[in-house]
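If you want the building blocks of each chain, they are given just below.
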Amino acid sequence: MCGAVRYVIDGPARPVWNCHCERCRRWTGHFTAATGCQRDQLRLISDDTLEWYHPEEWPDVAYGFCRRCGSSLFWRVEAVPPGVSPEQLGRIAIWAGTLDLPTGLHTELAIYAQDASDYHTLDSSIPTRDIE
């Protein structure tokens, strides 16, 4: 939001996935709409205010945010926790709302749809994948 953290994706970005898990709901205040790329294809141009939060109950993942304005930016796996595939180690999720327009992306999937908040109506045109 403040522009202190700037980045460029030097490669293909995955289509957007909406994540309705409890952590993403609490982190964003609604649900996460994220794209992703290989970690080595995310080039940080300015990252002096980038901080990483490691949840106590799930320390193998990290949520990236700007410590100046509080914007949620990234999610990455640092070790393989239960339920996460090993290929996630080489990838980083990027909150789609932080991308400059036009993004050229589309929403492909909703995950943890079974955990969507009771006030939210899922978009029936987006396929869902329930993950346990």
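Our subject in this report is the structure included herewith. Since the structure is predicted, the reported quantities are computational estimates derived from the model, not experimental observations.

Describing the sheet that holds strand E5 (residues 50–53)
Pairing within the open sheet is mixed, and its 8 strands lie in the order E5-E6-E7-E8-E3-E2-E9-E10. A single partner strand is all that each edge strand has here, and the edge strands are E5 and strand E10 (128–129). As paired strands, strand E2 (residues 16–19) and strand E9 (residues 107–111) are joined by 4 bridges and run parallel to one another. Looking at the pairing, asparagine 18 lines up with alanine 110 of E9.

Considering the side chain of histidine 20
Note that histidine 20 resides in the loop between E2 and helix H1 (22–28). You can call histidine 20 buried: its relative accessible area is 2%. Sequence-distant contacts of histidine 20, that is, excluding residues within four places in its chain, are made with Arg25, Phe31, Ala110, Ile111, Tyr112, Ala113, Asp115, Ala116, His120 and Leu122.

Structural notes on the layout of surface pockets
Taken as a whole, the second largest pocket encloses approximately 460 Å³ of empty space. Together, 22 residues line the second largest pocket, and Arg6, Tyr7, Thr98, Leu99 and Asp100 are the ones closest to its centre. Per-element tally for the lining of the second largest pocket: the top contributor is strand E1 (residues 6–9), with 4 residues. Partitioned by chemical class, the residues of the lining of the second largest pocket number 15 nonpolar, 5 polar and 2 charged.

Regarding the environment of isoleucine 45
With respect to the helices and strands, isoleucine 45 occurs in strand E4 (residues 42–46). Spatially, the C-alpha atom of isoleucine 45 lies 7.5 Å from that of valine 5, the residues being 40 residues apart in sequence. Not counting residues within four places of it along the chain, the set of residues in contact with isoleucine 45 comprises Arg6, Tyr7 and Val8.

Calculation rules
Residues numbered from 1 in each chain as written. Predicted model: local features only at pLDDT ≥ 70, side-chain atom pairs only at ≥ 80, totals over all residues. Heavy atoms only, no water. Pairing = 2+ DSSP bridges. Helix = DSSP H or I, 4+ residues; strand = E, 2+ residues; numbered from the N terminus. Buried < 20%, exposed > 50% of the residue type's maximum accessible area, 1.4 Å probe, protein only. Contact = heavy atoms within 4.5 Å. 1 Å grid on protein atoms, 1.4 Å probe; cavity = no way out; pocket = protein on both sides within 12 Å on 5 of 7 lines; lining within 4 Å. Points joined across faces, edges and corners; volume = space filled by probe spheres on them. Nonpolar A, V, L, I, M, F, W, Y, C, P; charged D, E, K, R; others polar.

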